[in-house]
Amino acid sequence: MNFLEERIIKDGVVKSSNVLKVDSFLNHQMDIALIEEIAKEFKRRFADKTVTKVMTIEASGIGIAAFVAKEFGVPLVFAKKSKSINIDGDVFVAEVESFTHRNKNQVIVSKKFLHEGEHILIIDDFMANGCAMQGLISIVESAGATVEGCGIVIEKGFQIGGRVIRNLGYHVESLAIVDAMDAETGSVTFREQ
Ligand code: G4P
């Protein structure tokens, strides 16, 4: 078991058969020493990639991606969720549907901060159905930039996101892949990697 899997076992709470709460250390209160270790692990896993910018989506991806950007010595840009339909031409836009929250957001990145020829590492805290990741990928590609990889802290392996994004040919690294959870016993089963 790696350091993150150990922490999930210690402090994660299985809320239902498909929701894992990690808000005591990852996405509400944040254990900064752990986030630094996570960032170093992404640096190690994507060491052979050219990365000119890290990208994530608000809100809870930002704190983690900031440390990853520091490891690579590059800027972080985060996509903003916008309800507005009057989006002007100065932004790249993707529509992202959340199955968890049952809503749709337009996700935007200013054209000032994403350019043709850039090499982007996408980072997020969770991947479930992969809708957020697909939105980010489409924004990067519509800018004429390259997706160098997708780094996920916790992938829910029993939802389709990881399979879809890998099948599209992207390099996905998930620090923990949860294959099953049991709300009654609180047990979490990780995929061997
Ligand atoms: P998808 O992008 O992979 O399709 O995911 P989905 O719509 O199902 O997830 C929507 C939001 O719920 C995401 O945050 C995601 O990080 C979060 N999420 C999904 N599964 C879990 C889980 O098991 N535990 C926790 N704690 N979060 C989960 P978001 O809407 O972008 O919100 P935020 O980043 O502003 O917090």
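Reference entry: report on the structure contained in this document. (Residues numbered from 1 in each chain as written. Predicted model: local features only at pLDDT ≥ 70, side-chain atom pairs only at ≥ 80, totals over all residues. Heavy atoms only, no water.)

**Re the overall build of the protein**
Alright, step 1. Along the backbone of the protein there are five helices and 10 strands.
Alright, step 2. Its C-alpha atoms give the protein a radius of gyration of 16 Å, within 12% of the compact-globule value 16 Å for 193 residues.
Alright, step 3. Structurally, the protein occupies a C-alpha span of about 50 × 35 × 30 Å along its principal axes.
Alright, step 4. Counting only residues that meet the buried cut, the protein has 47% of its 193 residues in that class.
Alright, step 5. At a minimum sequence separation of 6, the contacts of the protein that also span at least 24 residues come to 59%.
Alright, step 6. When the accessible area of the protein is evaluated, it comes to approximately 9700 Å², of which 49% is carbon and sulfur surface.
Alright, step 7. Each charge sign in the protein was given a centre, from 22 positive and 27 negative side chains, and these centres are 3 Å apart. (Helix = DSSP H or I, 4+ residues; strand = E, 2+ residues; numbered from the N terminus. Rg over C-alpha atoms; globule rule 2.2 N^0.38 Å. Buried < 20%, exposed > 50% of the residue type's maximum accessible area, 1.4 Å probe, protein only. Contact = heavy atoms within 4.5 Å. Areas by Shrake-Rupley, 256 points an atom, 1.4 Å probe, with all protein chains shown as cover. Lys, Arg positive; Asp, Glu negative; His and termini not counted. Charge placed at Lys NZ, Arg CZ, Asp CG, Glu CD.)

**Section: the packing of helix H2 (residues 32-45) against helix H3 (residues 61-72)**
Each pair of packed helices can be described by the angle between their axes along with the distance between the axes.
Alright, step 1. Contact pair H2 / H3: the axes reach a minimum separation of 8 Å and the direction vectors enclose 50°. Comparing their axes, H3 and H2 come out oblique. Our pair here, H2 against H3, has a crossing hand that is right-handed. On the side of H2, the interface is formed by Ile 32, Ile 35, Glu 36, Ile 38, Ala 39, Lys 40, Phe 42 and Lys 43, while H3 contributes Gly 63, Ile 64, Phe 67, Val 68, Glu 71 and Phe 72.
Alright, step 2. Partitioned by chemical class, the residues of the contact of H2 with H3 number nine nonpolar, one polar and four charged. (Axes fitted to C-alpha atoms, helices over the stretch in contact; angles between N-to-C directions. Parallel < 35°, antiparallel > 145°, perpendicular 65-115°, else oblique. Left-handed = near helix turned anticlockwise from the far one by under 90°. Nonpolar A, V, L, I, M, F, W, Y, C, P; charged D, E, K, R; others polar.)

**A few points about helix H1 (residues 3-11)**
Alright, step 1. Leu 4, Glu 5, Arg 7 and Ile 8 are the residues of H1 that are buried. Seen along its axis, H1 keeps its buried residues to an arc of 160°; they face one direction.
Alright, step 2. Buried residues in H1 make contact with strand E2 (19-21), H2, strand E8 (146-156), strand E9 (172-182) and strand E10 (187-190).
Alright, step 3. The opening residue of H1, the one whose side-chain oxygen lies 3.0 Å from the backbone nitrogen of Leu 4, is Asn 2. (Arc of directions from axis to C-beta. Polar contact = N/O pair within 3.5 Å; in protein donor to acceptor, adjacent residues only side chain to side chain.)

**A closer look at the site of the ligand**
Alright, step 1. Near the ligand lie 22 residues; those nearest to it are Leu 20, Ser 60, Thr 100, Gly 130 and Lys 156.
Alright, step 2. Burial of the ligand by the protein amounts to 82% of the accessible area it has alone, namely 710 Å².
Alright, step 3. Elements represented by at least two residues in the shell around the ligand include exactly E2, strand E5 (91-98), strand E7 (119-127) and helix H4 (131-142).
Alright, step 4. A per-class count over the shell around the ligand returns nine nonpolar, eight polar and five charged. (Near = heavy atom within 4 Å.)

**Topic: the sheet that holds strand E4 (residues 76-82)**
Alright, step 1. Taken together, the eight strands give an open sheet; going across it, the order is E5-E6-E4-E3-E7-E8-E9-E10, and neighbouring strands pair in mixed fashion. On the outer flanks of this sheet lie E5 and E10, each paired with one strand and no other. Each strand axis lies, on average, 30° off the axis of its neighbour in the sheet, ignoring direction.
Alright, step 2. Examined bridge by bridge, strand E3 (residues 53-57) and E7 share three bridges and lie parallel to one another. Its bridge partner being in E7, Lys 53 is matched across the sheet by Ile 120.
Alright, step 3. Against the sheet, H4 engages E3, E4, E5, strand E6 (103-110), E7 and E8, with an angle of about 165° to E5. (Pairing = 2+ DSSP bridges.)

**Here's the deal with the pattern of salt bridges**
Alright, step 1. Under the counting rule described, the total for this entry stands at 12 salt bridges.
Alright, step 2. The shortest N-O distance in the salt bridge between Glu 41 and Arg 44 comes to 2.7 Å. On the criterion of helical spacing, the pair formed by Glu 41 and Arg 44 is a turn pair, its members being three residues apart in helix H2.
Alright, step 3. According to the relative accessible area criterion, Glu 41 is buried, its value standing at 14%. (Salt bridge = Lys/Arg side-chain N within 4 Å of Asp/Glu carboxyl O.)

**Here we look at the pairing of E9**
Alright, step 1. With eight of 11 residues buried, E9 lies mostly within the body of the structure.
Alright, step 2. Taken together, the six bridges between E8 and E9 define a ladder with parallel strand orientation. In the strand pairing of E9, Ile 154 is matched with Ala 176.
Alright, step 3. Where E9 and E10 come together, four bridges link them in antiparallel fashion. Directly across from Ala 180, in E10, lies its bridge partner Thr 189.
Alright, step 4. Turn length for the E9-E10 hairpin, with the two strands adjacent in sequence and antiparallel, is four residues, and the turn residue Gly 186 shows positive phi of about 80°.

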